[in-house]
Amino acid sequence: MNIDNMSLADVLKVLPSLSESDQRVLEAQLAKLEELKERELMQEKFIKFVEKVWPTFIAGRHHKRMAEAFERVARGETKRLIINMPPRHTKSEFASYLLPAWFLGKFPSKKVIQTSHTAELAVGFGRKVRNLVDTEVYHDIFPELGLQSDSKAAGRWNTSKGGDYFAIGVGGAVTGKGADLLIIDDPHSEQEAAMAATNPEVYDKVYEWYTSGPRQRLQPGGTIVMVMTRWAENDLTGRVLADAMKRSTGEDWDVIELPAILPSGNPLWPEFWSIKELEALREELPPSKWNAQYQQKPTVKKVRLSSVSGGRYGSLIDRHLASFLFSRGTRLLQSQSVVTIRRVRHGVFFTKTKTRMLSTSYCWTHFRSVWSSRNSKIRRLPCIVTGK
């Protein structure tokens, strides 16, 4: 008995008239159909794939946001994606381990380049992806994909369908490799952050490597996914978005910012992080580190100047921010009784009035809402649908 073209109602109608042996055949067919539907769901829905291959996974609302973004990438709707999120929130497990495994299962002939801030870390994730692809549970989901028989290296291996996986650390050479999917996972390290305290240009090395290496290995129609914790305004996220804002044509970026503590005061991932633990951590860390790494709102150095008149603004974004503050921000500055000048890499952002410092992240939020609405190159997506 073939039930492929039968509705459930039709199956129930004929069930009582079947012999015992035909009922057993029907039950086997129904079980097979259910298995196929479940497989199709895991192939199409990233979060369902994660739940199957990672039984102990603790799901949070931000994982749903990430999964939806990865699905848009797979459908070709998003070509440039940045997700900024705090440490210990499943950033690398999703970006460097589960995303490439899921993507290659869907597109076994595609090429993936995955990068982390050290070669050792990148190769470690490459080994995890390769081992997952070779498991029975993975084959149940993607039966068409297997490893090429001579693929032994953890950091570079091929699929049985001609696909390619290559893992590399920041600074490594990617000559001769191509990428349909370029994954950049936390390209900066704690050591860089320490050096940046006295030499802010240390972040430039990562940007130069990105533009001279991985970015040039992208295949036509390829996709870039950057998942990282923020460190400074001139880290890789900051530089890439600043460059995008300067151009009238080129890459459009979708940006998702996931703060550890939401504006409502609730944790981003309450299933794992309690608000008490996060608040204790906030008390222990310097504000600059907490704002950047956990809230994804890096601040810049504050300096005092007598006047901004005659100042030279070296970048497009600086000029627009200065214009915004003078044209729209006068009342804001006066009402807050500000004594501050906010400076970034290329110039002065705003100047003083009287008595106390105004939070740089507060001023940046006001400016960015105007700037982003004017600039179509960057689309900032809400971090949590409910906002709670």
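Above: the structure in question.
Please read all numbers here as calculations on a predicted model, not as lab measurements. (Residues numbered from 1 in each chain as written. Predicted model: local features only at pLDDT ≥ 70, side-chain atom pairs only at ≥ 80, totals over all residues. Heavy atoms only, no water.)

Here's the deal with the overall build of the protein
- Secondary structure summary: the protein contains 15 helices and eleven strands in total.
- Split into buried and exposed, the 388 residues of the protein put 49% on the buried side.
- The contacts in the protein between residues at least 6 apart in sequence include a share of 72% that link residues at least 24 apart.
- Approximately 19,200 Å² of the protein is accessible, and the part contributed by carbon and sulfur atoms is 51%. (Helix = DSSP H or I, 4+ residues; strand = E, 2+ residues; numbered from the N terminus. Buried < 20%, exposed > 50% of the residue type's maximum accessible area, 1.4 Å probe, protein only. Contact = heavy atoms within 4.5 Å. Areas by Shrake-Rupley, 256 points an atom, 1.4 Å probe, with all protein chains shown as cover.)

Brief notes about the packing of helix H3 (residues 46-53) against helix H5 (residues 91-106)
- Put simply, H3 and H5 touch, their axes get as near as 11 Å, and they point 105° apart. On the basis of their axis angle, the class for H3 and H5 is roughly perpendicular. Of H5, the residues touching H3 (which contributes Phe 46, Ile 47, Phe 49, Val 50 and Val 53) are Phe 94, Leu 98, Leu 99, Ala 101 and Trp 102.
- Per-class residue counts for the contact of H3 with H5 are ten nonpolar, no polar and no charged. (Axes fitted to C-alpha atoms, helices over the stretch in contact; angles between N-to-C directions. Parallel < 35°, antiparallel > 145°, perpendicular 65-115°, else oblique. Nonpolar A, V, L, I, M, F, W, Y, C, P; charged D, E, K, R; others polar.)

Some words on the pattern of salt bridges
- On inspection of all chains with the given rule, the structure shows twelve salt bridges.
- A salt bridge links Asp 204 to Arg 239; the shortest N-O distance between them is 3.0 Å. Placement of Asp 204 in helix H9 (residues 204-212) and of Arg 239 in helix H10 (residues 236-246) is noted, with a sequence separation of 35 residues between them.
- Residue classification places Arg 239 among the buried residues on the basis of a relative accessible area of 16%.
- A salt bridge links Asp 235 to Arg 230, with the shortest nitrogen-to-oxygen separation between them at 2.9 Å.
- Taking relative accessible area as the criterion, Asp 235 reaches 0% and is therefore assigned buried.
- Looking at Arg 230, the relative accessible area reads 7%, which means it is buried. (Salt bridge = Lys/Arg side-chain N within 4 Å of Asp/Glu carboxyl O.)

Observations concerning the side chain of Asp 235
- Examined against the element boundaries, Asp 235 turns out to sit in the loop between strand S6 (218-228) and H10.
- For Asp 235, the side chain forms a polar contact with the main-chain nitrogen of Gly 238, separated by 2.9 Å.
- Setting aside residues up to four positions removed in sequence, Asp 235 forms contacts with His 188, Tyr 203, Met 228, Thr 229 and Arg 230. (Polar contact = N/O pair within 3.5 Å; in protein donor to acceptor, adjacent residues only side chain to side chain.)

Describing the sheet that holds S6
- In spatial order, the strands read S3-S4-S2-S5-S6-S1-S7-S11; together these eight strands make up an open sheet with mixed pairing. Unpaired on one side and paired on the other, strand S3 (156-158) and strand S11 (378-381) mark the two borders of the sheet. When the angles between neighbouring strand axes are averaged without regard to direction, this sheet yields 15°.
- As judged from the four bridges shared by strand S1 (residues 80-84) and strand S7 (residues 253-257), these two strands associate in the parallel manner. Residue pairing across strands places Leu 81 opposite Asp 254, the latter belonging to S7. (Pairing = 2+ DSSP bridges.)

So, the nonpolar core
- Counting 47 residues, the largest nonpolar core has Phe 46, Phe 49, Phe 70, Ile 83, Phe 94 and Leu 98 as the members making the most contacts within it.
- When residues of this core are assigned to their parent elements, the largest contribution, nine residues, is made by H5.
- In this structure, Ile 184, Val 206, Met 226 and Leu 241 belong to the second largest nonpolar core, which totals 24 residues. (Core = buried A, V, L, I, M, F, W, Y, C linked by side-chain atoms within 4.5 Å.)

Some thoughts on the packing of H5 against helix H6 (residues 119-133)
- It is at 9 Å that the axes of H5 and H6 come closest, and there the two elements cross at 40°. In terms of their interaxial angle, H5 and H6 are classed as oblique. Handedness of the crossing formed by H5 with H6: right-handed. For the pair H5 and H6, contact is made by Ser 92, Glu 93, Ser 96, Tyr 97, Leu 98, Pro 100 and Ala 101 and by Phe 125, Lys 128, Val 129 and Leu 132, respectively.
- Class assignment for the residues of the contact of H5 with H6 results in seven nonpolar, two polar and two charged. (Left-handed = near helix turned anticlockwise from the far one by under 90°.)

What to know about unusual backbone geometry
- Despite not being glycine, Thr 90 has its phi angle at roughly 75°, a positive value.
- Of the residues examined, Thr 90 reaches a relative accessible area of 10% and is grouped as buried.
- Positive phi, close to 60°, is recorded for Gln 296, a residue that is not glycine.
- Residue position: Gln 296 is located in the loop between helix H12 (287-294) and strand S8 (302-303).

As for the pairing of strand S2 (residues 111-116)
- Across the six residues of S2, five count as buried, placing the element largely inside the fold.
- When S2 meets strand S4 (residues 164-169), the two strands line up parallel, connected through six bridges. When the bridges of S4 are listed, Ile 113 appears paired with Phe 166.
- Pairing of S2 with strand S5 (residues 179-185) involves four bridges; the strand directions are parallel. The residue bridging Ile 113 from the neighbouring strand is Leu 182, located in S5.

As for the pairing of S1
- Most of S1 sits inside the fold, with five of its five residues counted as buried.
- Because side chains alternate across S1, one face comprises the buried residues Arg 80, Ile 82 and Asn 84, and the other comprises Leu 81 and Ile 83, equally buried.
- In this sheet, S6 lies alongside S1 in parallel orientation, the contact comprising five bridges. In the strand pairing of S6, Ile 82 is matched with Met 226.

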